Structures are given as C-alpha cells and as structure tokens.
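Chain residues, written in single-letter form:
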Amino acid sequence: MEHYDSIIIGAGHNGLVCAAYLARAGQKVLVLETADKPGGLAASREFHAGFKAPVAHSVNHFPKKIVTDLGLESHGFGTSSESLPTIGLSEEGHHVVLQGGAVTGVEAGDAAAYPDFMKQMQRFADALKPFWLKTIPRAAITNLADMMTFGRIGLKLRMLGKEDMREFMRITALPARDLMDENFDHPILKSVLCWDGLIGSKMAPRSPNHAVLPLLYRMSGDYCGDPGSLIEALHAAASASGAKIRTATAVERILVRTKDGVLAAQGVELANGEKIEADRVVSSADPQTTFFSLAGVESLEIEFTNRIRRLRCDGYVAKLHLALNGLPEFTGLDQVGGRMIIAPHMDAIEFAYDEAKYGECSNEPVMEIVIPSLRDSSLAPQGQHVLSAHVMYAPRRLKGGWDDSKRESFRERAIDAIARYAPGIRGQIIHSELLTPKDLESDFGVTGGHWHHTEFALDQALMMRPTYQAAQYSTPLPGLYLCGAGCHPGGDLNGSPGHNAAHEILR
Amino acid sequence: MNTAEKYADERLMRSHFHPREAAWNVRDAWASWNGYKFAECYYDAEYEYFCVRNSCATYDICPMQKYYVQGRDAEAMLNRMVTRDISKLPLDRVTYVVWCTDQGRMVDDGTIFKLADDRFMLTCGSPCGAWLKMSAFGFSDVTVTDMSDHIAALSLQGPTSCAVLKKMGLHGIDSAKPFDIRHFPFHGDTLMVSRTGFTGDLGYELWVNPELALQMWDELYAAGADYNIQPFGEEATNMARLEAGFIMPGMEFNEALKTIHFEHDQTPFELNLGWLVDFNKPHFNGRNALLKEKERGPKYTLTRLDIEGNKPAEHSYLYSNKRCTREIGYVTSAMWSPAVKANIALAMVKTDCLEGEIWAEIYYEKELRQYNKAARCSVMKKPFWAPARARATPPPDY
C-alpha cells in the first residue's frame, strides 16, 4: 500500500501552495481534488459552450515570497505589481476612477485628500504585512520565538510613530462608513473605498468589527494577476517539485485511528472505498467540512467542536457570469479593463445588506464587475467576452430556501442593475448564469458557499482563526492540519495559509 | 392583586412524592434542590442518619437530573464525553462516571444506566442539558431527552432495605449485585430498581412512572413499617455520604462550567478519582490535559483525614506545622462520625505535603465565645466506613 508523508485535501490554491512547499522540502505528497481539475473556486469552468470563468475572478494581493520561493513566474504566472484601475460606476457616466494612487472624477478636496489617506493606509498595511506570512502564536506564549513574533508586531506598530499608531488603534474596529465620512465627500468614492473591507463578508459599511483589517490585508500583497495563470503555475510548480495531484478523487473521510494510544489522522478513505495512508493529513477544505464531515466529532473535544460549530460560515455573495457577443459598453466609460463597482453610495450597500440580514435577497444588488476575457483570451471565443460579477447580497440561508425561480429572479435583478450602467447589455447576452452561495456550497464543497470559508472579522482573525487550538495550522487531532482560507490570514487568492501551514508542518 | 398568582413561577416545584413527604416533615424544614421543594430533615437529621445506618430510610431523588441518551450513536457520544470506558458496560448495569471540559476540569459526576444497546440514562446532581447538547452535536443518530420531571425516583438505603423490598414483593431482588438493574411489573407498568445509592451502605434506587409514585411509596412504606422505614433529608445524606467518602458538588468540587477563577475547579486526579480515567480509551474529552495532569501529578489531592479530638474541622485550613504558619490545604467536609467513632474530614491537601505532618486549625464556639485549636490529622488510606453488607450478594437478611 502506498504511504505518503502528507496527503492534502483539495487542490485549491492554498492546497497547491502547501503541497509545493512540502514536496520541495522532500516530502512525498499527494493532493486529492474532488473536481476534475485543480483550482477550487479559482478554477476556470465552462458555463456556456466556449465561455469560461473562475468564481474567484481576481488576484489582487499575492505575496512575492511565494512567487519567488516556488518559481511561479517560470511556471507561467504573469505577475503585475500594478493593480487594475478601480472604477466606481455612475449611472450618468460621471465615473470615479482610482488608479496609481490618484483618483479622478471627484472634487478637488477629495482628490487632494485621497493620496494622503492611501499613504497612511499603506503605512498601516505595510506594518502588518510581514505577519500575514507568519503563524500567529497562541496567546499563552510558551517560547522565545513566539514571544518575538508578538514583539515584532508591537514594534512594527510602534515604529509607525505616535500619531500613526494612535490612528491605527482608533480605526481598527471602526465601521467603514465612519472612516470614509471623516475623509471624503464624494458618495461613489466613499462606497468604492469601503468595498475591499467588506466584499465576501456578512458586513456592510455601518457594521462594526471590520473596516480596516480586511482592507489592509488586501492592500498588503505584492502582485496582481490572473486566477487561471496562477492556478496553472501552482499546479506546475507543485508537480515539478514531486507532489502527485489526483483530480476527480473525492475524499470520503479522514482515517482516524489509534496510534501510540491516542487517536490520530493517518490517511484518508476515498469515496470509492480506497484507503490511502499518510503520516499526516492537511486539509484545505473549510474548518466545518474538515472537522465535521471528514474527521468526525467523535475524535474531537467537545468545546473545540462547538467553537468550530459557531463559526460564521454563511456566504452572502452570488456569482454572475454573462456570455456576451461583444465588449459591453458602459455609459461614459472609455475602457472596461478595470474593476467596476456598482455601489453609487454607501447606503446602497447598507440597504442591500439590510434585506439580506433578514434572509431576503437584495432588491437593488451591489456588485464588482470584471471582464476577465480581456486579460485571458482563452475564456471566450474571439471577439466575444465574459462578464464576471460578485453580486451582494444573496444569503445562503434565504428565507424559504433557494430554488430555480428565486435564483432566476435574483439573476435578472443583477442584470437589471448592470443594464442601468450598460444599457445595451441585454442585447449582448448569449447566456447568463448565477451561482448562489448554496450553489457554491454544493458545487465546490465549501460550507455556506463562503469565499473565505468563514467570516473574515476581528473575532475570527489572527490567533482566533478559525479558533484557538487550530490557529497554528495543527489541530487538536494529531496528524491533522489545516491549510485553507479558514486559517490565518484568511481568504482571497493569497496563498498565505498554504504557505504558513507548510512552514508549521516542516518546523 | 393576587400575589400568589404573581409569583406562581417563582414557587418551588413539588416532587411526585411530596404529599407523603409533607406529612412526614414535622419540622417543615424545607430547602430546595434544582427547583424542587426538598427536605433538609423531616424530624431530626441525626435520627434519620441512624435510621439509614441501622434500619432503612428513603431519600427523594426526583430532583436529581435524569437524561435519556438514545440512538445508534448514544454509546459513542457518551463514551467520548465521560472519562471511563462505557463500551464494555453490560445491559442493565450502572456505572459511576465523571466528565470534564477540554481542559480536564470536572464538569460533574453522575451515573450511567445501560437500558438497551441504544438507550442510556444519565443521572447527575445539577442540570447538564446544555453540556449534553454540546456533546451530542455532530453525531448523526443521538437524541437527549430530559426525563427529570417524568421519572419518579426514590432511594431506599440501609441494612434492611433488601428485606423491605422482598417483603414488598420484588422477588429476586436479593440476587441483584451492586450496580445491577432489575425490572419488576408494577400495576401494568414497570418498576425499575438499581442497587445504587449515595450512603455507602446497602441500598437501592427505585424508578417509576410518576403516576404510580404515591402507590409505590405506600406499598414500600407498608412493607417497611416493621423496619421503621423513615424518610431522610439533605443533612442526613450529607453525613452518610461523607462517611462513605463520596464527593459533593459545592463542597469537594466546584463544577467547571460554573467556575470563574482559574483552576478553582478540579481534575479527577485532584479528587482522587484517577481510577475513573481510562487512558486505554484512545479519546475522551479532556484526555490530553488529563494525561499531562497525571504525568505531572495533581497539585492537590482529596484526602481522608482522621483528626484528633472531637471538634469537627469544618472550613478549617490545613498546615504542615502545629503553629499553623505553612498552609497546605483546606477541609472540604467534616463531621464527628458516629459510625466510625472518629472525627473525620475530607480535605484538599497539596500533594507534595501528604507525607509530612498535617495540622488543622479548628475554630469552634462555646456559648458565644470563639476558640481555636490546632489538631493533628492523620491520613486514612482506607475508606472511613465500608460495611461488608454493602457489597454482599445476597445481602444479609433481617
């Protein structure tokens, strides 16, 4: 029988990053993926003949260290340090464009305040940056290395200087709305700047607990790029290092058996009954799937189990894909190559959220749109295009449950919203598809259809992500590790959880 | 305004045996237990204690919490929760268990009755529905039902208890070994009898449909009339259980889920219950923490003390010297034991001080004047009191 050093569950980007690091260190690694190709939520999938799109449609803050360590550029990952312009759409065509540290389409006051604001936020982001690629130690420090990690965090913040440090402390848990109101006047600018703090979360501008951390997390990457090329490069890098990747291979459960008198994860059993042995199992699946469906509560402790149970895992983002017979035209917009946000003011986000909070779909959804086929021509037939949008808010637990007609009605609402900005769009649609969080849950095996596996919020961050005793990538079950978005630092196409997990395993 | 109505929800509930108990309770000495009106004593605590030790007496365990844990996963769920291995518990047997937090701190102790392969009854002193619900989460086939109000239960304890039950018509009860469960037809229903109790003596617990509670009481008391059957309350129970060396929540241990201060709760090892922790079982809640505790040795150990003199060492601090300057522990329960004829106590003593001298600083009152004295304590290796009849099958007849 084959025996591996590590079996990695899931060939999403974190699973592949972890696999590549472990294999490079000489481990015999097997990656098991349910889908018929790697990539997870970042995998391109054909949603209509000839039209493809990944659910996760952008790489905005990928760490340079992982690119360098794994030689991802030599494996074809096209990196760029310049992010796409972000465009706050206006129905009348008076768009607000954020690019290269400057903003256009706003009054002089906002335009002048913007660079200073961004510079300060960037200083905060830079102070935190080293810690996304580090294991955050347990609060009860037991060794010098852990103490030094905390010491470095404190030092980094202190080195911001007195004023910046005070400001950082002040805004850490400030609702995004307050922060934006303090600094800017233009409604579109304010809602666009909120966006990166709340996308993918059960949050809106007035929610406390979120504003800054996710925003700074997203501001602290090095590279932008394209999900398809990232996944291909990671797949190639992992394979080249010797990791074996088996797709179309669903793991039924983690084999938990007695070893040295205690229960330990010692391999996996596949859906077809095949058993594969390993010294450890590293799961890139979300924590609830990993602990409840794969490992089973019988091998876990009771309070730990219930901390995993109470994780907030309900997704609130639906994914819209449009197959278009040409490039869409947005009123007053010359180029659609950026990241376009439909959220004309912060209350538009807030009201859309209010409905979802009580289990309804937003009547006037807000969204982020990209045209991925502009960057990757393989995604659509020549001259034709794909529109990809993250649409908020669509609660996983919709009142009365999701069905085809509710999905269809939300899809039409989303297209109506786009049509207000791109009036000709309906005539260009060859095919449309909306994936609700429930669809994401069933198609990609992620609890709640949540992008980040579990909410990215202060109470589920750092050494509390997903919960203490599992926040250092090892778990209370010997031989079982986590390496997915449910771990520090969190979600998006970032790879840090996979990197950090490998580091802990190899320590 | 009708104040009786206004406070209706605040009033203590009445046990299924209350009509009979109220008649016996000539002192109207009521306390409460889990929301039930509960007798401290009926006539005189010492008299009731002597009934338990010399004839027989009944203790109302209706207020005790009872849960049915049922389903295909019931055994797995309980086995993960408690420190003892219950997978080998035979049908119609009872076992004493403790359960702990993830950190190995004791949540509570209780008993598990195996009523069928997929049906267990768990009993414990205070409500633990929330903990059971947490423990059951993630198992596909297990339900927890709070049966506390739906089973009438009465404990019959004392040397003549078996004789009374035989006289009541429970044929074959004398063949029940300690921790055995027997079922008897009873007026179209079933009377379940377990050879269990909280006095350290021969004794049984009777479990019946509440509708038959008073009928069972009457038949039991008719059979026991010649044996001077008598109800006993909280105070007598506390005397008997201390002689037996049984622990009491709020005295020997503080339930972990109700403990605020760090390590003001206890581990089973501290309570001298290491024998209940089965490390042959590959997993149970708190296993890791308890293994560490076992290797390190508990900071305190619950210890039986025989104390010189006759002044009960209630609430005493313990010292390693007669001058009482080096504190090494505290007394949890103490009494002058009539059965043992000794001044006994249970105490938490720092484990590394068990071998040395132990002195109790005893405070006592004489006609409003306060006195204190240092009394030498010796550690009792054996139980204070464990009569052979408590274990004999069949028990001696009377």
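Note that the structure is a prediction, hence the values are computed from the model and not measured.

About the thresholds
- Residues numbered from 1 in each chain as written.
- Chains lettered and ligands numbered in written order.
- Predicted model: local features only at pLDDT ≥ 70, side-chain atom pairs only at ≥ 80, totals over all residues.
- Domains from an automatic or database assignment.
- Contact = placed C-beta atoms within 7 Å.
- Helix = DSSP H or I, 4+ residues; strand = E, 2+ residues; numbered from the N terminus.
- Nonpolar A, V, L, I, M, F, W, Y, C, P; charged D, E, K, R; others polar.
- Buried ≥ 20, exposed ≤ 12 C-beta atoms within 10 Å, placed from the backbone.
- Pairing = 2+ DSSP bridges.
- Axes fitted to C-alpha atoms, helices over the stretch in contact; angles between N-to-C directions.
- Core = buried A, V, L, I, M, F, W, Y, C linked by C-beta atoms within 7 Å.
- Arc of directions from axis to C-beta.
- Parallel < 35°, antiparallel > 145°, perpendicular 65-115°, else oblique.
- Left-handed = near helix turned anticlockwise from the far one by under 90°.

### Thoughts on the domain arrangement of chain A
Residues and elements named next belong to chain A.
Argument step 1. Segmenting chain A into domains produces domain 1 (3-43 + 64-76 + 225-312 + 452-506) and domain 2 (113-215).
Argument step 2. Its C-alpha centre places domain 1 at a distance of 27 Å from the equivalent point of domain 2.
Argument step 3. Contact with domain 1, which involves 22 residues of that partner, is made by 16 residues of domain 2.
Argument step 4. Residue contributions to the side of domain 1 that touches domain 2 peak at five residues, all from helix 16 (residues 496-506).
Argument step 5. Of the residues belonging to the side of domain 1 that touches domain 2, the class tally is ten nonpolar, eight polar and four charged.

### So, unusual backbone geometry
Argument step 1. Residue His488(A) is joined to Pro489(A) through a cis peptide bond whose omega torsion reads 0 degrees.
Argument step 2. Note that Pro489(A) resides in the loop between strand 19 (480-482) and helix 16.
Argument step 3. If you check the backbone angles, Asp92(B) has positive phi at about 60 degrees while not being a glycine.
Argument step 4. In this structure, Leu368(B) takes a positive phi of about 75 degrees despite not being glycine.
Argument step 5. Residue placement: Leu368(B) occurs in the loop between strand 18 (358-366) and strand 19 (369-379).
Argument step 6. Judged by local crowding, Leu368(B) falls into the exposed class, with 5 C-beta atoms found within 10 Å.

### Points about the sheet that holds strand 6 (residues 106-116) of chain B
Residues and elements named next belong to chain B.
Argument step 1. If you walk across this open sheet you meet the five strands as 5-6-7-4-8, and the pairing is antiparallel. Strand pairing shows two members of the sheet lacking a second neighbour, strand 5 (94-100) and strand 8 (143-146), which therefore form its edges. The sheet shows a mean angle of 30 degrees between the axes of neighbouring strands, taken without regard to direction.
Argument step 2. Where strand 4 (residues 65-70) and strand 8 come together, four bridges link them in antiparallel fashion. From the neighbouring strand, Tyr-68 faces strand 8, where its bridge partner is Thr-145.
Argument step 3. Here helix 4 (residues 74-81) sits on the sheet in contact with strand 4, strand 5, strand 6 and strand 7 (119-124), set at roughly 130 degrees to strand 4.

### Things to note about the sheet that holds strand 9 (residues 152-157) of chain B
All names here are of chain B.
Argument step 1. One open sheet holds the six strands; their spatial order is 10-11-12-9-3-13, and the pairing between them is mixed. With one partner strand each, in any of the chains shown, strand 10 (181-186) and strand 13 (230-231) form the two edges of the open sheet.
Argument step 2. The strands that helix 7 (residues 213-224) touches are strand 9, strand 10, strand 11 (189-194) and strand 12 (203-208); relative to strand 12, the one it contacts most, it runs at about 150 degrees.

### Some points on the nonpolar core
Argument step 1. If you look at the biggest cluster of nonpolar residues, it comprises 159 residues, and the most contacted ones within it are Ala19(A), Ala20(A) and Val31(A).
Argument step 2. Considering each element in turn, this core owes the most residues, eight residues, to helix 1 (residues 13-24) of chain A.
Argument step 3. Formed jointly, this core draws a minimum of three residues from each of two domains, domain 1 (3-43 + 64-76 + 225-312 + 452-506) and domain 2 (113-215) of chain A.
Argument step 4. The contacts of Val31(A), once residues within four sequence positions are left out, are Ile8(A), Ala11(A), Gly15(A), Leu16(A), Ala19(A), Ala238(A), Ala243(A), Lys244(A), Ile245(A) and Arg246(A).
Argument step 5. Core analysis: the second largest hydrophobic core is formed by 114 residues, Met64(B), Ile151(B), Leu154(B) and Ile307(B) among them.

### Thoughts on helix 9 (residues 287-296) of chain B
Residue pairs spaced three or four apart in an α-helix point in one direction, given the helix's 3.6 residues per turn.
All names here are of chain B.
Argument step 1. All of the buried residues in helix 9 are Arg-287, Leu-290 and Glu-293. All buried residues of helix 9 project into a common sector of 120 degrees when viewed along the axis, lining one side. Exposed side of helix 9, more than 90 degrees from the buried face: Lys-292, Glu-295 and Arg-296 are the residues found there.
Argument step 2. Buried residues along helix 9 sit in contact with strand 5.
Argument step 3. One or two positions beyond helix 9, positive phi appears at Gly-297, with a value near 85 degrees.

### Some thoughts on the pairing of strand 4 (residues 51-54) of chain A
Argument step 1. Here strand 4 of chain A shows no split at all, with Phe51(A) and Ala53(A) on one side and Lys52(A) and Pro54(A) on the other all buried.
Argument step 2. As consecutive antiparallel partners, strand 3 (residues 44-48) of chain A and strand 4 of chain A are separated by two residues, and within that stretch Gly50(A) has a phi angle of approximately 90 degrees, a positive value.

### Digging into the packing of helix 3 (residues 108-132) of chain A against helix 8 (residues 212-219) of chain A
Think of two packed helices as two axes; the pair is described by the angle between the axes and how far apart they sit.
All names here are of chain A.
Argument step 1. In the contact formed by helix 3 and helix 8, the axes pass within 8 Å of each other and the chain directions differ by 80 degrees. Taken together, helix 3 and helix 8 sit at an angle that is classed as roughly perpendicular. In this structure, helix 3 uses Met-121, Gln-122, Phe-124, Ala-125, Leu-128 and Trp-132 to contact helix 8, whose residues at the interface are Leu-216, Tyr-217 and Met-219.
Argument step 2. Of the residues that constitute the contact of helix 3 with helix 8, the class distribution is eight nonpolar, one polar and no charged.

### So, the domain arrangement of chain B
Residues and elements named next belong to chain B.
Argument step 1. You can read the domains of chain B as domain 1 (12-64 + 150-244), domain 2 (65-146) and domain 3 (299-379).
Argument step 2. Distance between the C-alpha centres of domain 1 and domain 3: 33 Å.
Argument step 3. On the side of domain 3, seven residues touch domain 1, which itself brings four residues to the contact.
Argument step 4. Considering only residue class, the side of domain 1 that touches domain 3 consists of two nonpolar, no polar and two charged.

### Here we look at the interface of chain A and chain B
Argument step 1. Chain A puts 15 residues into the contact, and the matching count from chain B is 14 residues.
Argument step 2. Counting only elements with at least two residues in the side of chain A that touches chain B, the list comes to strand 12 (262-270) and helix 11 (302-309) of chain A.
Argument step 3. Counting residues per element, the side of chain A that touches chain B draws most heavily on helix 11 of chain A, which supplies six residues.

### Regarding helix 10 (residues 287-295) of chain A
Argument step 1. Among the nine residues that make up helix 10 of chain A, seven are buried, leaving the element largely enclosed by the rest of the structure.
Argument step 2. Among the residues of helix 10 of chain A, those classed as buried are Pro287(A), Gln288(A), Thr289(A), Thr290(A), Phe291(A), Leu294(A) and Ala295(A).

### Structural notes on the packing of helix 1 of chain A against helix 16 of chain A
Residue and element names in this part refer to chain A.
Argument step 1. Contact geometry of helix 1 with helix 16 gives a least axis separation of 7 Å together with a crossing angle of 35 degrees. With respect to the hand of their crossing, helix 1 and helix 16 are arranged in right-handed fashion. Seen from helix 1, the contacting residues are Asn-14, Gly-15, Val-17, Cys-18, Tyr-21 and Leu-22; seen from helix 16, they are Pro-497, Gly-498, His-499, Ala-501, Ala-502 and Ile-505.
Argument step 2. In terms of residue class, the contact of helix 1 with helix 16 is made up of eight nonpolar, four polar and no charged.

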